Amino acid sequence: MAIRTILHYPDPRLRQKAQPVTNVTPEIQRLIEDMAETMYAAPGVGLAATQIGEPHRIFIVDIAAEDEPSNLMVFINPEILDPSEDLSVYSEGCLSVPEIYADVERPARIRARWQDLDGTVHEEDMEGLMATCLQHEMDHLEGILFIDHLSRLKRQMALKKLDKLRKAA
Ligand code: GNR
Ligand code: NI
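A brief report on the enclosed structure follows. (Residues numbered from 1 in each chain as written. Chains lettered and ligands numbered in written order. Predicted model: local features only at pLDDT ≥ 70, side-chain atom pairs only at ≥ 80, totals over all residues. Heavy atoms only, no water.)

We now examine the coordination of the nickel ion (ligand 2). Bound to the nickel ion (ligand 2) on the protein side are Cys94 (SG), His136 (NE2) and His140 (NE2), at distances that span 2.1 to 2.3 Å. Of note, the nickel ion (ligand 2) draws all its donor residues from one chain, in the sequence arrangement C-x41-H-x3-H. Placement of the pair is His136 and His140 together in helix 2 (residues 128-141), with a separation of 4 residues, close to one helical turn. Of the two residues, His136 and His140, both sit in the buried class. (Donors = N, O, S within 2.8 Å, 3.2 Å for Na, K, Ca; no water. Helix = DSSP H or I, 4+ residues; strand = E, 2+ residues; numbered from the N terminus. Buried < 20%, exposed > 50% of the residue type's maximum accessible area, 1.4 Å probe, protein only.)

Read from one edge to the other, the open sheet built from 5 strands follows the order 1-2-3-6-7, with strand pairing classed as antiparallel. Edge positions in the open sheet fall to strand 1 (46-48) and strand 7 (121-127), since each of these has one partner strand only. Taking each pair of neighbouring strands and ignoring which way they run, the sheet shows an average axis angle of 40°. Relative to strand 6 (residues 109-115), strand 3 (residues 73-81) runs antiparallel, the two being bridged by 4 bridges. Paired with Glu79 across the bridge in strand 6 is Arg113. (Pairing = 2+ DSSP bridges. Axes fitted to C-alpha atoms, helices over the stretch in contact; angles between N-to-C directions.)

Here we take up the environment of Val121. Tracing the sequence through the fold places Val121 in strand 7. A relative accessible area of 53% places Val121 in the exposed class. In the structure, Val121 is positioned 63 residues away from Ile58 in sequence and 14 Å away in space, judged by C-alpha atoms. Other than its neighbours up to four places away in sequence, Val121 contacts Arg113, Trp114 and Gln115. (Contact = heavy atoms within 4.5 Å.)

Trans is the prevailing form of peptide bonds, just as negative phi is the prevailing case for residues other than glycine. Put simply, Tyr9 and Pro10 share a cis peptide bond, and its omega is 5°. A cis amide bond links Ala42 with the next residue in sequence, Pro43, at an omega value of -10°. Despite not being glycine, Asn77 shows a phi value in the positive range, around 45°. When you line up the elements, Asn77 lands in strand 3. Among the residues examined, Asn77 registers a relative accessible area of 17% and is labelled buried.

Quick look at the structure:
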């Protein structure tokens, strides 16, 4: 396993649309192992393959609290179905836009369908942080970042702060 470099905004590879996985080859299995190691090292609660420059429709999520055993979930060829009309707001961050946090409004509940490493298809209703995370990761597979959901003013403020943080580094 290896820790891979996480791409940062404005890397154009973050804007690539990810392609469906047709076959969970040993190469894809290794990619997922690298993604897990990279996510836990960061640390983050989710990571999309796009964020390490691998445009495959794969993301991983682990929202277990620090005092809970880890619970890695692997989502291959994920789909989001039946987003709820009601929205919820969450202060989001992204490993590809480091140190920037901003409120994002998204459907509060979704139904997710995905394949796991064995090719088994799962379908589950999600809410709370899990629903937010899944939508955030799904966006990465479409080349969308959470800052794209902000008003122009809030996005400009976030990007200015990012610029400042980089100049200070
Ligand atoms: O670590 C992460 N935390 C987070 C917090 C609120 C909403 C979404 C996230 S995902 C993020 C990791 C990441 O960038 N995944 O793409
Ligand atoms: Ni992200």
